[in-house]
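Coordinate inspection notes
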Protein chains: 2
Amino acid sequence: MSRSGISLSESQRIAWLRLIRSDNVGPATFRELINHCGSAEKALDMLPELAKRGGAMKRIRVASIADAEREMEVAARHDGRFVAIGEPDYPPALRAIDGAPPLLAMCGSGETATRPTLGIVGARNASVAGAKFAAMVAGAAAGAGYTVASGLARGIDAAAHHASLKHGTLAALAGGLDRIYPPENADLYRRICTEGGVAISEMPYGWEPRARDFPRRNRLIAGSALAVVVVEAAMRSGSLITARLANEAGRLVLAVPGSPLDPRAQGSNGLIKQGAMIVCSPEDVLEALAPLSNLELPFSGDAGEEPEPEGEAPVEPAEDDRLRVAEALGPSPCEIDDLIRFTGVNAATVQLILLELDLAGRLARHPGGRISLT
Amino acid sequence: MSRSGISLSESQRIAWLRLIRSDNVGPATFRELINHCGSAEKALDMLPELAKRGGAMKRIRVASIADAEREMEVAARHDGRFVAIGEPDYPPALRAIDGAPPLLAMCGSGETATRPTLGIVGARNASVAGAKFAAMVAGAAAGAGYTVASGLARGIDAAAHHASLKHGTLAALAGGLDRIYPPENADLYRRICTEGGVAISEMPYGWEPRARDFPRRNRLIAGSALAVVVVEAAMRSGSLITARLANEAGRLVLAVPGSPLDPRAQGSNGLIKQGAMIVCSPEDVLEALAPLSNLELPFSGDAGEEPEPEGEAPVEPAEDDRLRVAEALGPSPCEIDDLIRFTGVNAATVQLILLELDLAGRLARHPGGRISLT
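Source: prediction; values computed, not measured.

**Side note on the domain arrangement of chain A**
Under the domain assignment used here, chain A contains domain 1 (111–171 + 211–292) and domain 2 (319–373). Each of domain 1 of chain A and domain 2 of chain A has a C-alpha centre, and these two points are 37 Å apart.

Below is the structure:
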């Protein structure tokens, strides 16, 4: 992984920001739109028509140039900027995950964002020993040249950030970069951004984080990291979500053991039981990282502004193809390949119909690329 | 495994006790002697001559009938008895290990000694949480019908015995059964022997346990058990020896995790790192035991009183064979098969020469059946 890539022009950046902030456009849809339309600008033009074809009852909200410029001004006031997937400052490991954010709000050092990264997550109500051990691991990894990624939460997260502040730490936030949560970590956030660390978020400036934004944020930690260490995690905790997402993304999961009688250790012990690597010392983590840090991660596409070369031209689907695909779909998630085989409609056309349904708010996307009707 | 087997006559039992209490006769040599001579009685007759042939400088001490009768009287006064390998009360899993004691001093319930057994071992300076968890595991296993084996030590051992006292627990001792160590557990020992539990030792009555007897005792715990749970073990602790012996005997090793910052957890965490099964709850142990408890363990021979059928008759070795074998041996352990190939002397003769050297105190036996000159 190297710090390289294309750079968007300012007008492209505004178009990317408008597109990702428009209704019904998530990371997967964003990529489909770029592939289908060739650029964010053209996708913005086509959005209302595509959504209408997909059965949208009312006109889809498309973010305006003024909206985007306003958010960029807010970002600038907070020393933030927007980094597109494929640009040099984008965390290289994060590019490789399914549904990588096309655009990240970023504040702080791009160099820190692009170094080999270790995720460290754990309980907010950490024990003294847990916080201390998290700090030991974070300090050792940061000293060895790794960026330490975490979620700016209380407890383990804060301990990991503090211990790696000197060498560079990455904070992934669930809300906008001007909405620091929890407020008690506002000073830590400021230090991260000004002392060589970096903060990222895929949510708009001004966005107050809600409960459901945290698992999404956890995907940024897991995705940025080559490996994730879980220190003190209760059953059904957010840290276990991060571990699951890391595992799904093919990243190494490590866990710090604890007494089975401590509820804070049940999640991390459970991970070890399921096959996570046990961490007995900071050195264990460094040993596990060493062979990973020169790994070339598979890159699932940079959503660059060239349409994918395709044998079949994406034309407007025939009405009966559209009906056949919509009827074949149901509330149970299915594979797109199965849908293509089942309907006999050609692949490019199916993708386009799905894009229309998606923009109309009628499609749900599931892990592993599966889809269902909402 | 079932509670069955042969029974020694009283004169045979006295001969067995004399033989195992004679100089230079350990479990492996005992078995070789029975194989070579046909019975303990005949082996006792041949001991001085075999040792002399092996190069013993002075006459080997052979335990007398009076010695054996005296020890049996002491045993009887302490409600103890001697159980030979192959007899019904001998722990069936223990029969299957290399170097199983031919004769055990036993006090208490033979039924408890022969049930499927779980070993639980750990730190003497246990934490409250460690002792509590050990008791939870012991109580659950005992309640499910397993005998819980441990070493009567302070801390984890005592907690495991106490929690399984009601259903039956097995204490393996490093000294004679009339030399209870540590003294503070004398009352626990008494309750084990009188309330349905059982105590075993391979050492003579009157033997004060020395430091080097404890690893030997640990082999009785590991050998009696289908699986061993290690709760709180420091690095280089006796519990890790038990775990290693259990692993070498093909028994399942489980370990209870703890904070990496607690020295008492470093040994058990290290076992998990090396592949031991992590114990997050007592149920984990029961689940691991379930498929083992009906296992037929390979039985490495019952040292019964019939000589092994052999193609080659064991005659007295020719002097130059004896020289060739002795010269081929050195201070580095070697495999007996390699020795046979290297010297070209026939297998039965090599075994006999080794037996002579052994009785003369010139042979050291190592794990895996390897041997060297002392």
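**Here's the deal with the relation of the copies chain B and chain A**
One copy of the chain maps onto the other through a rotation about an axis followed by a shift along the same axis. Each copy superposes on the other: chain B lies on chain A with an RMSD of 0.0 Å after a rotation of 180 degrees and an axial shift of 0.1 Å. Taken together, the rotation and translation relating the two chain copies correspond to the operation of a two-fold axis. Within chain B, G258 of chain B has its C-alpha nearest the rotation axis, a separation of 1.9 Å. Of the residues that chain B buries at the interface, 100% are likewise interface residues in chain A, meaning the two copies contact each other through the same surface.

**Regarding the UniProt feature "domain: Smf/DprA SLOG" (unreviewed entry) in chain A**
Under the UniProt annotation, the feature "domain: Smf/DprA SLOG" (unreviewed entry) is placed at residues 82–289 of chain A. Its end C-alpha atoms 29 Å apart, residues 82–289 of chain A is made of 40% helix and 19% strand.

**Thoughts on the sheet that holds strand β6 (residues 198–201) of chain A**
All names here are of chain A. Across the sheet, nine strands lie side by side as β1-β2-β6-β5-β4-β3-β7-β8-β9; this open sheet has mixed pairing. The outermost strands of the open sheet, each flanked by one partner alone, are β1 (80–84) and β9 (277–278). For strand β4 (residues 147–150) and strand β5 (residues 169–172), the ladder comprises three bridges, and the chain directions are parallel. Bridged to S150 within β5 is A171. Together, β3 (117–122), β7 (227–231) and β8 (252–256) form the strand contacts of helix α11 (residues 238–248), whose direction differs from that of β7 by roughly 160 degrees.

**Thoughts on the pattern of salt bridges**
Under the definition given, this model contains 56 salt bridges over all chains. Where E49 of chain B meets R53 of chain B, a salt bridge forms, and the shortest distance between an N and an O atom there is 3.6 Å. Highlighted residues: E49 of chain B and R53 of chain B, both in helix α3 (residues 40–53), separated by four residues, approximately one helical turn. Since its relative accessible area comes to 38%, E49 of chain B is described here as partly exposed. For R322 of chain B, the salt bridge goes to E316 of chain B, with nearest N and O atoms at 3.7 Å. A single salt-bridge network, built from bridges that share partners, covers E49, R53, E316, E319, R322 and E356 of chain A.

**Focus: the packing of helix α14 (residues 319–328) of chain A against helix α15 (residues 336–343) of chain A**
Residue and element names in this part refer to chain A. Two numbers describe how α14 lies on α15: the axes approach to 10 Å, and their chain directions differ by 125 degrees. As summarised for this structure, α14 and α15 are arranged oblique, according to the angle between their axes. The way α14 lies across α15 gives a crossing that is right-handed. Touching R324, V325 and A328 of α14 are L339, F342 and T343, all from α15. Considering only residue class, the contact of α14 with α15 consists of four nonpolar, one polar and one charged.

**Details of the environment of A265 of chain A**
Residues and elements named next belong to chain A. As for its placement among the helices and strands, A265 is situated in helix α12 (residues 263–273). Distance in space between the C-alpha atoms of A265 and F133 is 13 Å, their sequence separation being 132 residues. In this view, A265 contacts A233, G258 and S259; residues no more than four positions away in its chain are not counted.

**Considerations on helix α2 (residues 27–37) of chain B**
All names here are of chain B. Most of α2 sits inside the fold, with ten of its eleven residues counted as buried. Burial in α2 covers these residues: P27, T29, F30, R31, E32, L33, I34, N35, H36 and C37. Contacts made by the buried residues of α2 are with α1 (10–20), α3, α10 (213–224), α16 (347–359) and β10 (363–365).

**A word on the packing of α1 of chain B against α2 of chain B**
All names here are of chain B. Between α1 and α2, the shortest axis-to-axis distance is 10 Å and the interhelical angle comes to 130 degrees. In terms of their interaxial angle, α1 and α2 are classed as oblique. In this structure, the crossing between α1 and α2 has a hand that is right-handed. Contact residues: α1 offers W16, L19 and I20, while α2 offers P27, F30, L33 and I34. Its residues placed into classes, the contact of α1 with α2 shows seven nonpolar, no polar and no charged.

**Examining the pairing of β6 of chain A**
All names here are of chain A. Side chains V198 and I200 project from β6 onto one buried face, and the interleaved A199 and S201 project onto a second face that is buried too. Relative to β6, strand β2 (residues 103–108) runs antiparallel, the two being bridged by four bridges. Bridge assignment links M106 to a residue of β6, and that residue is I200. One ladder, built from three bridges, connects β5 with β6; its direction is parallel. Bridge pairing links L170 to V198 in β6. Since β5 and β6 lie parallel, the crossover through helix α9 (residues 186–194) that links them has a hand, and here it is right-handed.

**Digging into the interface of chain B and chain A**
Buried accessible area, meaning the area lost when the parts come together, often serves as the stated size of an interface. Opposite the 18 residues of chain B that make contact, chain A presents 18 residues. Regarding the contact of chain B and chain A, the summed buried area is about 1400 Å², with carbon and sulfur atoms giving 78% of it. Looking at the side of chain B facing chain A, the largest losses of area belong to P260, L261 and K273 of chain B, adding up to 38% of the total buried there. At the surface where chain B touches chain A, the tally comes to two salt bridges. Inspection of the region where chain B meets chain A yields two residue pairs in polar contact (both at pLDDT 80 or more). For the side of chain B that touches chain A, the secondary-structure elements that each account for two or more residues are α7 (128–143) and α12 (263–273) of chain B. Taken together, the residues of the side of chain B that touches chain A break down into eleven nonpolar, four polar and three charged.

**Comments concerning the nonpolar core**
In terms of nonpolar packing, the biggest core is built from 157 residues, with L19, L33, Y189 and L359 of chain A together with L19, L33 and L359 of chain B touching the most fellow members. Once residues lying within four places of it in the same chain are set aside, the contact partners of L33 of chain A are L19, V25, G38, A43, L47, L50, L355 and L359 of chain A.

**Structural notes on the sheet that holds strand β4 (residues 147–150) of chain B**
All names here are of chain B. Strand order in the open sheet formed by nine strands is β1-β2-β6-β5-β4-β3-β7-β8-β9, with mixed pairing between adjacent strands. Each of the sheet's edge strands pairs with one partner strand only, and the pair in question is β1 (81–84) and β9 (277–278). Note: strand β3 (residues 117–122) against β4, three bridges, orientation parallel. Bridge pairing links T117 to T147 in β4. The sheet strands contacting α7 are β3, β4, β7 (227–231) and β8 (252–256), and the helix crosses β3 at an angle near 175 degrees. In the packing of helix α11 (residues 238–248) onto the sheet, contacts are made with β3, β7 and β8, and the angle to β7 comes to roughly 160 degrees.

Conventions used here
Residues numbered from 1 in each chain as written. Chains lettered and ligands numbered in written order. Predicted model: local features only at pLDDT ≥ 70, side-chain atom pairs only at ≥ 80, totals over all residues. Heavy atoms only, no water. Domains from an automatic or database assignment. Least-squares fit on C-alpha atoms with pLDDT ≥ 70 in both. Contact = heavy atoms within 4.5 Å. UniProt positions renumbered as here; feature names shortened; annotations may be inferred. Helix = DSSP H or I, 4+ residues; strand = E, 2+ residues; numbered from the N terminus. Pairing = 2+ DSSP bridges. Axes fitted to C-alpha atoms, helices over the stretch in contact; angles between N-to-C directions. Salt bridge = Lys/Arg side-chain N within 4 Å of Asp/Glu carboxyl O. Buried < 20%, exposed > 50% of the residue type's maximum accessible area, 1.4 Å probe, protein only. Parallel < 35°, antiparallel > 145°, perpendicular 65-115°, else oblique. Left-handed = near helix turned anticlockwise from the far one by under 90°. Nonpolar A, V, L, I, M, F, W, Y, C, P; charged D, E, K, R; others polar. Right-handed = clockwise from strand over helix to strand, strands pointing away. Buried area = accessible area lost by both parts, 1.4 Å probe. Polar contact = N/O pair within 3.5 Å; in protein donor to acceptor, adjacent residues only side chain to side chain. Core = buried A, V, L, I, M, F, W, Y, C linked by side-chain atoms within 4.5 Å.

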